[in-house]
Amino acid sequence: MPPIKGLNIKIQDVRKKPSTNILVMRNADDAIALKLLINNTHKTKQEFHALVLGAGYIGLETAASLRKIGAEVTVIERARRPLARVASEEVSKFISALHSNRGVNLICNDSVIELSQNSNTKGGSASYQVLCKSGAKYNVDCLIVGVGVIVHTDLAQHAALQLDEGYIRVDGRMKTSNSNIWAIGDCTVFEHHEYGDSTHIESVQNAVDQAKIAAESIASSAKEYSQTADVELPSSTLEQFNIDASRSTPSRYNATPWFWSDQFDSKLQIAGLIKNTDNQITRFDSDRECSIWHFEGDVLRCVEAINSPKAYVLGSKWIAEKINIDKAQLADTSVSLISLNAP
């Protein structure tokens, strides 16, 4: 997030002092703090105006929740479209229309440059004037920062671990450049057989699946050490991590990433990554149900499903099993997805 004049508070301080009316949205406590703020402003929900920084998953889901209770909501996004880092143009267009139709003021290609507190406030609650780079000004009751985080690499640097683009470099078994240290989650960049040697994924699924690989790798290393040092490793340890004693090397990370987001009455589900894809098919099964299928050549790499759990489930299966899809049939909505056969 670029510097904002008048906002000299760190995110960790924001979480400690939600009474400042400048909030983040990371967990249930943050959501409760926002709810308490709205209920204690002596304004009706329709009079309450929230400004959300960032049109990623966090910002958009927060905006949708606030708009559903009747609050006025403005979202400011620096990029030219919402979800620019994680979704296709088609999904961004759908999301933009979804929010605009529900009354969210979604502004892209702009950023907040100054924040000042108004002296005239109703009921004694804090109120701010927000100035944007475009010159637009907004009077708001709270500012919600939904722009993500920067990885803290101090510990990694102290341990002399290899870093890559600000992330901790790990191999397919989650091992860092130090053979005795593993890393998982949003802080890592790693090998992936489908997406290349510099894959970075920010999701719950990725962190959980990487944790399983790291646990197996750690347990396998302990087993190898016990054999070298002639120290017996308890069988319960092998069983706990489901280590196959006959396998010489642990598994490598090869999970298909997946993501989801609920906004208003719509559900977005994504399997795979758009990275390296070069052609796509958009399928409309109804006015509310569509899916975008992304290919690298003839290989299916990603499916984005909007209100289409069937497309998401089948797409996930086809990607994982590397099934060749007949594109003509896929594009033909008279052919049901469930009956779609590989050529």
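Provided above is the structure to which this section pertains.
Quantities reported herein were computed from a predicted structural model and do not represent experimental measurements.

Q: Quick question: what am I supposed to make of the overall build of the chain here?
A: Each helix and strand counted, the chain has 9 helices and 17 strands in total. Considering the chain as a whole, with its 343 residues, one finds that 43% of them fall into the buried category. For the chain, the proportion of contacts with a sequence separation of at least 24, taken over those separated by at least 6, is 52%.

Q: Is there a simple way to think about the nonpolar core in this case?
A: Here is a general trend for soluble globular proteins: nonpolar side chains tend to be buried in one another's company. Within the largest apolar cluster, 48 residues are counted, with the highest numbers of intra-cluster contacts made by L34, L66, V75, L83 and V91. No other element matches helix 3 (residues 57-68), which puts 5 residues into this core. Ignoring sequence-local partners within four residues, the contact set of L34 consists of L23, M25, T62, L66, C142 and I144.

Q: What is the right way to look at the sheet that holds strand 12 (residues 196-199) in this model?
A: Backbone hydrogen bonds are what pair the strands of a sheet, in a parallel or an antiparallel way. One open sheet holds the 4 strands; their spatial order is 9-10-11-12, and the pairing between them is mixed. Pairing within the sheet leaves two strands with one partner each, and these edge strands are strand 9 (163-164) and strand 12. Alignment of strand 9 against strand 10 (residues 167-169), held across 2 bridges, turns out to be antiparallel. When the sheet's bridge partners are listed, D164 is paired in strand 10 with Y167.

Q: Is there a simple way to explain the sheet that holds strand 3 (residues 72-76) in this structure?
A: The 5 strands are arranged 1-8-2-3-4 in an open sheet whose pairing can be described as parallel. Only two strands of the sheet have a single partner each, and these edge strands are strand 1 (22-24) and strand 4 (105-107). Neighbour to neighbour, the strand axes of the sheet diverge by 20 degrees on average, direction disregarded. Relative to strand 8 (residues 142-145), strand 1 runs parallel, the two sharing 3 bridges. Across the sheet, I22 pairs through a bridge with L143, a residue of strand 8. Strands strand 2 (49-53), strand 3 and strand 8 of the sheet are contacted by helix 3, whose axis makes an angle of about 165 degrees with strand 3.

Q: Where do I start with the packing of aromatic side chains in this structure?
A: Within a pair of aromatic rings, the relevant descriptors are the distance that separates the centres and the angle that separates the planes. Going through the model one piece at a time under the given rule, you end up with 3 aromatic pairs. A ring pair is formed by W258 and W260, whose centres lie 5.7 Å apart and whose planes are at 35 degrees; its orientation type is tilted. Judged by centre distance (5.7 Å) and plane angle (35 degrees), the ring pair of W293 and W318 falls under tilted. Pair noted here: W293 is in strand 16 (residues 290-296) and W318 is in helix 8 (residues 309-320), with a separation of 25 residues, a long-range link. Under the relative-accessibility criterion, W293 is labelled buried at 0%. Classification of W318 as buried rests on a relative accessible area of 6%. Above the face of the F295 ring, K327 is positioned so that its terminal group lies 4.7 Å from the ring centre.

Q: It is not clear to me how the pattern of salt bridges should be interpreted in this structure. Could you clarify?
A: Oppositely charged side chains are able to pair whenever their charged atoms sit close together. The tally for this structure, following the rule as stated, stands at 16 salt bridges. If you follow the salt bridges from partner to partner, you end up with E194, E296, R301 and K322 in one network.

Q: Looking at this model, I keep getting lost on helix 8. Mind explaining?
A: Since the α-helix advances by 3.6 residues per turn, residues separated by three or four positions end up pointing in the same direction. Taking 1.5 Å as the rise per residue, helix 8 with 12 residues should run 16 Å; its terminal C-alpha atoms sit 17 Å apart, in good agreement. Those residues of helix 8 that sit buried are A311, Y312, L314, G315, W318 and I319. The first or second residue beyond helix 8 is K322, which carries a positive phi of 55 degrees.

What counts as what
Residue indices begin from 1 for each chain and proceed along its sequence in written order. With pLDDT at 70 or above as the cut-off, local features in this predicted model cover only qualifying residues; side-chain atom pairs require 80 or more to be listed or tallied, and sums for whole chains, interfaces and linings still use all residues. The side-chain numbers reported here are obtained from all heavy atoms of the structure, hydrogens and water having been left aside. Strands here mean DSSP runs of E at least two residues long; helices mean DSSP runs of H or I at least four residues long; both are numbered from the N terminus. When accessible area is computed with a 1.4 Å probe and restricted to protein chains, residues below 20% of their type maximum are described as buried, those above 50% as exposed, and intermediate ones as partly exposed. Between two residues, a contact is recorded if the distance between any of their heavy atoms is within 4.5 Å. Residues enter a nonpolar core if they are buried and are Ala, Val, Leu, Ile, Met, Phe, Trp, Tyr or Cys, with the set joined through side-chain atoms within 4.5 Å. The rule for pairing is simple: two strands pair if DSSP sees at least two bridges between them. To get an axis, fit a line to the C-alpha atoms, keeping to the stretch in contact for a helix; angles then go from 0 to 180 degrees between the N-to-C directions. Classification of ring pairs uses Phe, Tyr and Trp, with its six-membered ring standing for Trp, and accepts pairs whose centres are within 6.5 Å; under 30 degrees between planes counts as stacked, over 60 as edge-to-face, and the remaining range as tilted. As a reminder, the over-ring test applies to NZ of lysine and CZ of arginine, requiring each to be within 6 Å of the ring centre and within 35 degrees of the ring normal. Salt bridges are defined as contacts in which a side-chain nitrogen from Lys or Arg sits within 4 Å of a carboxyl oxygen from Asp or Glu. Here a helix's expected span is defined as the number of its residues, less one, multiplied by 1.5 Å.

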